[in-house]
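One-letter residues, chain by chain:
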Amino acid sequence: MRWLLAVVLILFAIFPVVWVISASINPSNTLASAKLIPDNFGWDNYRLLFNTPQFPFGRWLWNSVKISSITTVLSVSITTLAAYAFSRLRFTGRQTMLKAILLIQVFPGLLAMIAIFTLVTQFGTIVPALGLDTHAGLIMVYLGGAMGVNIWLMKGFFDTIPRAIDESAMVDGATHWQIFSQLLLPLMRPILVVIGILSFIGTYGDFILARILLKSTEQYPLMVGLFIFTSGEFSQKWGPFAAGALIGALPIMIIYLILQDQIVGGLTQGAVKG
Amino acid sequence: MTVQALKQPGAPQSNQSATLLNVILRLVLLLAIDGFLIWFALSAFGEGYTSLGIVIAFIGAGVNYIILARDMYPLRWMLIGLILMVMFAIWPILLTIFVAFTNYGDGHLLTKVQSIELLQQERYLPEGGAAYSWTGYQNEAGDYALWLQNEAGEGFLAYPGTTLIPASEAEGVGALDENGIPEAIGAYERLNALQVASDQTIPSIQFGSELDGVQIRSAREAAQLQSKYVYDEVADVITNQETNAEYSPVEGVWTSSRGETLPFGYRDTVGANNFTRFFESPAFRGPLLRIITWNFAFAFLSVFTTFSLGLAIAYIYNDRSLPGRKIIQSFLLIPYTIPSLITIIIWRGMFNNEVGVINRMLESVVGIAPEWTVDPTLAKLAIIIVNLWLGYPYFMLICSGALQAIPEDLYEAARVDGANAWQRFYKITLPLLLVAVGPLLVASFVYNFNNFNLIFLFIEGGPPIANSATRAGHTDILISYVYNFAFASGRAKEYGLGSAITIIIFLIVAVITLFQFRYTKMWEEVGEGV
């Protein structure tokens, strides 16, 4: 009975995926194949991805990996340091700041994009390396959101580490920095991995900011690049889109499936047990 | 020395020098940061980006205070994060709030100064004024040139777009006739009276530059153009020199006492106009109630369906003894592992009325082909189905974690007391689970309340609401409705109004979030030990 239910649920879960696989090997470039295994199926769409100068797919993939990796490392650093302060230090405005961080995060940022676009344009005239159409500028804007809900997750984890550990180190004359870097950081490994993955996936999947701040095809990350295939100006190349989507989703899928126990553990540690 | 200090924190001597080094390092760092920020702020002011300059100066002051003041020590741990947050999160929010009280948008994109500058560039041909006699020339490409002579008989050469050239400096001037007029100028041939009289183009051409522009007034005379509009800074009034009409600013439009307006409106504050317009104007009120109702319903149904399915799966497959449990979970996790942008677009294709795979299957099995993108109710149903697919794995993960945290002996005790499976779930599991995942349910509600990506990429808010004065669709939520005001191509952009709606959305989700702080565990935790 449970197995039968599982089969139904799994069909629901993988239905679109199966169907994308089918579209990706369909040479007729359509979303509307009637058969699961299309006539004359082949790898043309995959070949096209890597051989068309108009759509530098490999470049997009590399851009995505680069932008997401740099953003992840920096944002996890920012988050960890801030979470330590929120967990271990007491200061006026601590609660207010924690609340404010969440409130800022629920602000619907769509209209703020106009302001962000203007800001980055102005940055660009002063420091061209941080302007529009640069990855550095985009990463900088992503990091503006680093002080977000992840601080809560991370702080929750810090709170679970008994304070007796740092108090005894403090008696021995250790500074906060020593306690943080030598005692607590090694214990934080699991949550660092989880937050790192979540942040990587979040950046990897972002579309709107990258679309607004990047102009040239060479600079696009994967999500913006893939979107080109579906828009009218390239007459809806669904075949390459499906192939590209599969290749693009694969790394994330593998990370998730391998580390799912850690992710569940991290999410529930930080968020549920709080 | 520092390495030693780290390893032997007890040794007083090295500790002291470490502190000194620490102070020196901090000062050097501060100087470097200050140098950069001052340069940056000055450059910003130099480029005319006053607001950016002010923000940078404000950030600079904050950085110095945090690094120098002793009791700001905790904030040093998050200094870089704070700087970036102020710059790219808080500052854009403040700007959005400010814009909500202005008429910024098409017709009001300029600043007041820019608007005045543009008006001052407009020229007109006055009745009197400095006059020249003129002779026309034309080259083979059809370009014109003028030879002008003022009353003193001095000659000037004039091309469209460049300053007048005095005869002595003009190049290519051919032999002069008895009146001092050249027969030809370079490749330009002199036009005779008949040619000039029949030429329709030449009277409309403005010769010379913006400052000394000259235009032909009659067959004999050409005259210097003059500024059409003069701005009086003290009275804040623009006067039309030709008609003597006076225009005063009214909400970003130069308006005369008779109600005539000038082009080049500018940004101006309009008080709470955007908000009252939003709530009171019939054009908005029509679709507004529908949009807000659907917005809440969509967010609630999304959370309810994803949480229910996620919980059900977690509960049914929580049994560690079930073979293949891990594999089932991995398969069911797949929707969560693909970037949602990709899957939303795929679902969009699958739900296509004519060629989508869903309708093809329905047609061959039960012989119906529902019009998913045309019928409002079906469109909403499709959105909920897609969001269920996107969202249930998250709650499946969360719930399976939370279920394992519920102590087994509670169930034992219930079983001893004779509770059946349903009672055990309803009386024990659900309440305990809700306490644990309550904040996440609220967070999910807030997220879905503004789930622009899904609504926009899947169906763009459609199908459109008939007879609506503004562009609105049956599946539009507030945030996708805002998109129409601010970004949709081919329509007037109304950033002011869009920002006002943004503020209203923010108030709604902020209230929900604050409510969550108050009534859930997360909030108690913040209060701990302070």
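The shown structure was predicted, so the numbers you read here are calculated from the model rather than taken from an experiment. (Residues numbered from 1 in each chain as written. Chains lettered and ligands numbered in written order. Predicted model: local features only at pLDDT ≥ 70, side-chain atom pairs only at ≥ 80, totals over all residues. Heavy atoms only, no water.)

(A) The arrangement of the packing of helix α3 (residues 50–68) of chain B against helix α5 (residues 79–99) of chain B in detail. Residue and element names in this part refer to chain B. Orientation of α3 relative to α5, taken along the N-to-C sense of each, is 155 degrees, at an axis distance of 11 Å. Put simply, α3 runs roughly antiparallel to α5. Here α3 runs over α5; the crossing is right-handed. Contacts between α3 and α5 involve Ser51, Leu52, Val55, Ile56, Ile59, Val63, Ile66 and Ile67 on the former and, on the latter, Leu79, Leu82, Ile83, Val86, Met87 and Trp91. Here the residues of the contact of α3 with α5 sort into 13 nonpolar, one polar and no charged. (Axes fitted to C-alpha atoms, helices over the stretch in contact; angles between N-to-C directions. Helix = DSSP H or I, 4+ residues; strand = E, 2+ residues; numbered from the N terminus. Parallel < 35°, antiparallel > 145°, perpendicular 65-115°, else oblique. Left-handed = near helix turned anticlockwise from the far one by under 90°. Contact = heavy atoms within 4.5 Å. Nonpolar A, V, L, I, M, F, W, Y, C, P; charged D, E, K, R; others polar.)

(B) The arrangement of the packing of helix α9 (residues 176–187) of chain A against helix α10 (residues 189–204) of chain A in detail. All names here are of chain A. In contact at an axis separation of 5 Å, α9 and α10 are set at 70 degrees when each is read in the N-to-C sense. Compared by their axis directions, α9 and α10 come out roughly perpendicular. On α10, the residues that touch Leu185, Pro186 and Leu187 of α9 are Arg189, Pro190 and Leu192. Among the residues making up the contact of α9 with α10, the classes are represented as five nonpolar, no polar and one charged.

(C) How the structure looks around the pairing of strand β11 (residues 229–232) of chain B. Residues and elements named next belong to chain B. Here β11 shows one buried face, formed by Tyr229 and Tyr231, and one open face, formed by Val230 and Asp232. Relative to strand β12 (residues 237–240), β11 runs antiparallel, the two sharing four bridges. Within the sheet, the bridge partner assigned to Tyr229 lies in β12 and is Asn240. (Buried < 20%, exposed > 50% of the residue type's maximum accessible area, 1.4 Å probe, protein only. Pairing = 2+ DSSP bridges.)

(D) View of the packing of aromatic side chains. Enumeration according to the criterion identifies 46 aromatic pairs over all chains in this entry. Geometrically, the ring pair formed by Tyr231(B) and Trp254(B) is edge-to-face, given 5.9 Å between the ring centres and 70 degrees between the ring planes. Remark: Trp254(B) occurs in strand β14 (residues 253–256) and Tyr231(B) occurs in strand β11; sequence separation between them is 23 residues. A relative accessible area of 0% places Trp254(B) in the buried class. Members of the aromatic cluster, joined through ring pairs, are Tyr84(A), Phe158(A), Trp177(A), Phe180(A), Tyr73(B) and Trp77(B). A cation over an aromatic ring shows up here: Arg267(B) above the ring of Tyr104(B), its NZ or CZ 4.6 Å from the ring centre. (Phe/Tyr/Trp six-rings, centres within 6.5 Å; stacked < 30°, edge-to-face > 60°. Lys NZ or Arg CZ within 6 Å of the ring centre and 35° of its normal.)

(E) Fine view of the interface of chain A and chain B. Taken together, the 92 residues of chain A in the interface contact 103 residues of chain B. Both faces combined, the contact of chain A with chain B buries some 9,000 Å², and carbon together with sulfur accounts for 80% of it. Looking at the side of chain A facing chain B, the largest losses of area belong to Arg2(A), Leu111(A) and Ile126(A), adding up to 8% of the total buried there. Where chain A touches chain B, the interface holds zero salt bridges. Here chain A is connected to chain B by four residue pairs in polar contact (both at pLDDT 80 or more). Among the residues forming the side of chain A that touches chain B, the class breakdown is 70 nonpolar, 13 polar and nine charged. (Buried area = accessible area lost by both parts, 1.4 Å probe. Salt bridge = Lys/Arg side-chain N within 4 Å of Asp/Glu carboxyl O. Polar contact = N/O pair within 3.5 Å; in protein donor to acceptor, adjacent residues only side chain to side chain.)

(F) Inspection of the sheet that holds β14(B) at higher detail. Residues and elements named next belong to chain B. Reading across the sheet, the four strands line up as β11-β12-β13-β14 and stay open at both edges, with antiparallel pairing between neighbours. Each of the sheet's edge strands pairs with one partner strand only, and the pair in question is β11 and β14. Across the sheet, the mean angle separating the axes of adjacent strands is 35 degrees when strand polarity is ignored. As judged from the four bridges shared by strand β13 (residues 246–250) and β14, these two strands associate in the antiparallel manner. Across the sheet, the residue bridging to Ser248 is Thr255, located in β14.

(G) Looking closely at helix α4 (residues 94–106) of chain A. With 13 residues, α4(A) should cover 18 Å at 1.5 Å per step; its first-to-last C-alpha distance of 19 Å lies within 8% of that length. Listed as buried for α4(A) are Arg94(A), Met97(A), Leu98(A), Ile101(A), Leu102(A), Leu103(A) and Val106(A). (Expected span 1.5 Å × (residues − 1).)

(H) Geometry of the nonpolar core. In terms of nonpolar packing, the biggest core is built from 215 residues, with Leu52(B), Met78(B), Met87(B) and Phe458(B) touching the most fellow members. In terms of residues, this core owes the most to one element, helix α13 (residues 376–404) of chain B, which gives 16 residues. Apart from the residues within four sequence positions on either side, Met87(B) is in contact with Leu119(A), Phe123(A), Leu52(B), Val55(B), Ile56(B), Ile59(B) and Pro92(B). Core analysis: the second largest hydrophobic core is formed by 16 residues, Trp134(B), Phe207(B), Val214(B) and Ile216(B) among them. (Core = buried A, V, L, I, M, F, W, Y, C linked by side-chain atoms within 4.5 Å.)

(I) Layout of a nonpolar patch on the surface. Residues and elements named next belong to chain B. Taken together, the side chains of Ile38, Leu42, Phe45 and Ile54 define a hydrophobic patch exposed on the protein surface, amounting to about 410 Å² of accessible area. Of all the elements, helix α2 (residues 12–47) adds the most residues to the nonpolar patch, at three residues. With respect to the helices and strands, the residue Phe45 is situated in helix α2. Judged by relative accessible area, Phe45 falls into the partly exposed class, the value being 38%. (Patch = residues over 30% accessible without salt bridge, like charges linked within 9 Å, V, L, I, M, F, W, Y side chains within 5 Å. Areas by Shrake-Rupley, 256 points an atom, 1.4 Å probe, with all protein chains shown as cover.)

(J) Structural view of the confidence of the model for chain B. Residue and element names in this part refer to chain B. Per-chain confidence: chain B averages 82 in pLDDT, with 93% of residues scoring 70 or above. Confidence drops under pLDDT 50 across residues 1–14; counting only partners more than four residues distant or on other chains, this segment forms twelve contacts. Contacts for the low-pLDDT stretch residues 523–530, under 50 throughout, to residues beyond four places or in other chains number 17 contacts. In the predicted complex, the global pTM is 0.80; the interface-specific ipTM is 0.89. (pLDDT = per-residue confidence, 0-100.)

(K) Geometry of the pattern of salt bridges. All names here are of chain A. For the structure on display, the rule yields eight salt bridges over all chains. One salt bridge connects Asp166 with Arg88, and the closest N-O pair in it is separated by 2.6 Å. Placement of the pair is Asp166 in helix α8 (residues 163–171) and Arg88 in helix α3 (residues 57–88), with a sequence separation of 78 residues. For the pair formed by Asp166 and Arg88, the shared burial category is buried.

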